[in-house]
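Here's the letter readout for the chains.
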Amino acid sequence: MTGDREKRMAMDEQLVLDGNAAGGLLAAAYGADVTSWRGRCVHCGTISVVATLRVYVGGPGTVLRCPVCAGVVIRIAETPTGLRLDERGMAELGPGR
Amino acid sequence: MARPLDWQLATVAAVRDETPTVRSFTLRLPDWAGHRPGQHVDLRLTAEDGYSVERSYSIASEPERGPDVDITVERIPDGEVSPFLHDVVVVGDRLEVRGPIGGYFVWEPPLGGPLLLVAGGSGVVPLMAMLRHRARAMPRPPTTLLYSSRGPDEIIYRDELEALSGAADGPGVAHTLTRRQPPGWTGYARRIDEPMLAEVLEPLGSETRAYACGPTALVETVANGLVRLGLPPERIRTERFGPTGT
Ligand SMILES: Cc1cc2nc3c(=O)[nH]c(=O)nc-3n(C[C@H](O)[C@H](O)[C@H](O)COP(=O)(O)OP(=O)(O)OC[C@H]3O[C@@H](n4cnc5c(N)ncnc54)[C@H](O)[C@@H]3O)c2cc1C
Ligand SMILES: [Zn+2]
């Protein structure tokens, strides 16, 4: 049991990408390349560059998590009618410094 | 001018074998604003029934070659997209492309150095764009590429790397061959670990900027190792390719 779970978690780790990898999808959702933008994780307060978020693909949609606390900051779902963006986990997202 | 979010139809202008399992494709883009070394494109394949898949591929060529861009693709035997590119796509075909993408995993001369580039397998691709650009630009900070491959036949851009490293102000190139070494091999012969990183980092010094790219597990090892060796996390930029090649 635990062996399977560990194996699955190790496999999940292999599937992690950087926020940079989701740049194309994010550009389609935001209308601009936001990979070098910064935002604040609402769960732990960490300010991160979008390119350094952790990206999980393959589930229903693409999930971007905070690299520090692993909280979900941005979620993008591809629906038949277009992209649905949920960025409630990310505050003050912008080009900034 | 196409924005990075718009799909456009690129024409395959050339196909070239790099290794027995890696092939480069020159894409001619009708509407290209230029790219920065380290950026990637997204490629979309759509079947007749409307089913479509997207994958990211780093740009291998230097910006000076625009509006042509090269991508270099490793064939993953049980993969969906890379075998199609290898087995089906020929010169003259058209491919849907979006890009250039990514404003963070990039290096240009004003960013400076010294530079430590660390690659596993096809992770060398965006780092090659940086090296090719560096060779045609100024200034040229001290640079070392640490490059992990399984065996000698799997080293992508082998001859070009040798030529680059032999040039005046050329980069240092350190290979590690993890599974098969030719007779008389004097390079590293194990997976990248912290002592290896320490050896290549030491001559470059504590102001080094690092770029690590390749299979997710390798990038994880490199990023953690460099932090333990004292590089500040904000000077380590990573590009994880996912599970491929592990
Ligand atoms: C930013 C970026 C840049 C990239 N640049 C390059 C590049 O320059 N060159 C290059 O060759 N590749 C590059 N890649 C990787 C590339 O995007 C593809 O992942 C790769 O070509 C494999 O695609 P595929 O469709 O052939 O294989 P897939 O069908 O995606 O499968 C790949 C392998 O991973 C395994 N796998 C995939 N998903 C899962 C899963 N959910 N669970 C378990 N196993 C899984 C499969 O079994 C298979 O062995 C890049 C990736 C990123 C994110
Ligand atoms: Zn957080």
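The structure we're discussing is the one just above.
**Q** Can you walk me through the environment of Thr244 of chain B in this structure?
**A** Residues and elements named next belong to chain B. Structurally, Thr244 is set in the segment after strand E11 (236–240). A C-alpha to C-alpha distance of 8.3 Å links Thr244 and Thr216, two positions 28 residues apart in sequence. Ignoring sequence-local partners within four residues, the contact set of Thr244 consists of Ile76 and Pro215.

**Q** Got a minute to help me understand the interface of chain B and chain A in this structure?
**A** Taken residue by residue, the interface counts 21 residues in chain B and 23 residues in chain A. Taking both sides of the interface into account, the surface hidden between chain B and chain A amounts to around 1600 Å²; carbon and sulfur atoms contribute 52%. When the shortest N-O distance is used, the salt bridge between Asp18 of chain A and Arg240 of chain B registers 2.5 Å. Remark: the boundary between chain B and chain A carries seven residue pairs in polar contact (both at pLDDT 80 or more). Those elements that place two or more of their residues in the side of chain B that touches chain A are strand E3 (40–46), strand E4 (52–58), strand E6 (94–101), helix H5 (216–228) and E11 of chain B. Broken down by class, the residue content of the side of chain B that touches chain A amounts to eight nonpolar, eight polar and five charged.

**Q** Which parts of the structure should I look at to understand the packing of aromatic side chains?
**A** For any two aromatic rings, the description comes down to two numbers: the centre-to-centre distance and the angle of the planes. All names here are of chain B. Using the criterion set out here, one finds one aromatic pair over all chains in the structure. When the centroid spacing of 5.5 Å and the interplanar angle of 80 degrees are considered together, the rings of Phe105 and Tyr211 count as edge-to-face. In this pair, Phe105 sits in the loop between E6 and strand E7 (115–120) while Tyr211 sits in strand E10 (residues 209–214), placing the two residues 106 residues apart along the sequence. Here Phe105 matches Tyr211 in class, with each residue buried. The side chain of Arg132 reaches across the aromatic face of Tyr157, ending 4.8 Å from its centre.

**Q** How do you make sense of the packing of helix H2 (residues 124–136) of chain B against helix H3 (residues 158–166) of chain B when you look at a structure like this?
**A** Helix-helix packing: each pair is described by the crossing angle between the helix axes and the interaxial distance. Residues and elements named next belong to chain B. Where H2 contacts H3, the two axes come as close as 11 Å, and the packing angle between them is 40 degrees. Considering their axes alone, H2 and H3 lie oblique with respect to each other. In this structure, H2 crosses over H3, and the sense of that crossing is left-handed. Note on element contacts: H3 touches H2 through Glu160, Leu161 and Leu164, opposite Met128, Leu131, Arg132 and Ala135. Of the residues belonging to the contact of H2 with H3, the class tally is five nonpolar, no polar and two charged.

The rules we used
- Residues numbered from 1 in each chain as written.
- Chains lettered and ligands numbered in written order.
- Predicted model: local features only at pLDDT ≥ 70, side-chain atom pairs only at ≥ 80, totals over all residues.
- Heavy atoms only, no water.
- Helix = DSSP H or I, 4+ residues; strand = E, 2+ residues; numbered from the N terminus.
- Contact = heavy atoms within 4.5 Å.
- Buried area = accessible area lost by both parts, 1.4 Å probe.
- Salt bridge = Lys/Arg side-chain N within 4 Å of Asp/Glu carboxyl O.
- Polar contact = N/O pair within 3.5 Å; in protein donor to acceptor, adjacent residues only side chain to side chain.
- Nonpolar A, V, L, I, M, F, W, Y, C, P; charged D, E, K, R; others polar.
- Phe/Tyr/Trp six-rings, centres within 6.5 Å; stacked < 30°, edge-to-face > 60°.
- Buried < 20%, exposed > 50% of the residue type's maximum accessible area, 1.4 Å probe, protein only.
- Lys NZ or Arg CZ within 6 Å of the ring centre and 35° of its normal.
- Axes fitted to C-alpha atoms, helices over the stretch in contact; angles between N-to-C directions.
- Parallel < 35°, antiparallel > 145°, perpendicular 65-115°, else oblique.
- Left-handed = near helix turned anticlockwise from the far one by under 90°.

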